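Structural overview for review
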Amino acid sequence: QVQLVESGGGLVQPGGSVRLSCAASGFSLGYFAIGWFRQAPGKEREGVSCIRTSDGSTVYTPSLKGRFTISRDNAKNTVYLQMNSLNPEDTAVYYCAVYRGYGSSCRLELNEYEYWGQGTQVTVSS
């Protein structure tokens, strides 16, 4: 069965770093673009980043570029999200999902993704 599982979240102090993992099962992750999204308490789910397949090119929401880095290891069937210089506003549930669009690059559009993971909680607090 097609499944994505996020892991790596937890409690981190402001200024700290966390690396999230998105592990795929039931399919070969290397054939698909993968996106990261997040949802803070009381707010809408928003796009964070996505990564293509063939060349590994990436897309970031402008406000996060420079602090967050997406990468993939197709041999491990896993996509990662490295998050640095975290602040309390980064507190959210982080999700990964499979991109189903056919463009030359992935886009951070919620309705173009499927097979969402269960999410992993990241809490930034002192």
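See above for the structure.
Note that the structure is a prediction, hence the values are computed from the model and not measured. (Residues numbered from 1 in each chain as written. Predicted model: local features only at pLDDT ≥ 70, side-chain atom pairs only at ≥ 80, totals over all residues. Heavy atoms only, no water.)

**A closer look at the pattern of salt bridges**
Scanning the model with the defined rule gives 4 salt bridges in all. The residue Arg38 makes a salt bridge to Asp90 at a minimum N-O spacing of 3.0 Å. In this pair, Arg38 is assigned in strand 4 (residues 34–39) and Asp90 in the loop between strand 8 (78–83) and strand 9 (92–99), connecting sequence segments 52 residues apart. Grouping residues by exposure puts Arg38 and Asp90 together as buried. (Salt bridge = Lys/Arg side-chain N within 4 Å of Asp/Glu carboxyl O. Helix = DSSP H or I, 4+ residues; strand = E, 2+ residues; numbered from the N terminus. Buried < 20%, exposed > 50% of the residue type's maximum accessible area, 1.4 Å probe, protein only.)

**Focus on the environment of Gly26**
Take Gly26: it is sitting in the loop between strand 3 (18–25) and strand 4. Along the sequence, Gly26 and Val2 sit 24 residues apart, while their C-alpha atoms lie 4.4 Å from each other. What Gly26 contacts, discounting residues up to four positions off in sequence, is Gln1 and Val2. (Contact = heavy atoms within 4.5 Å.)

**What about the pairing of strand 11 (residues 120–124)?**
With burial as the criterion, only one face of strand 11 is covered, namely that bearing Thr120, Val122 and Val124; the residues Gln121 and Thr123 on the opposite face remain uncovered. Where strand 2 (residues 10–12) and strand 11 come together, 3 bridges link them in parallel fashion. Of the residues in strand 11, the one forming a bridge with Val12 is Val124. Alignment of strand 9 against strand 11, held across 3 bridges, turns out to be antiparallel. If you follow Val93 over to strand 11, its bridge partner there is Gln121. (Pairing = 2+ DSSP bridges.)

In short, geometric facts, not functional conclusions.
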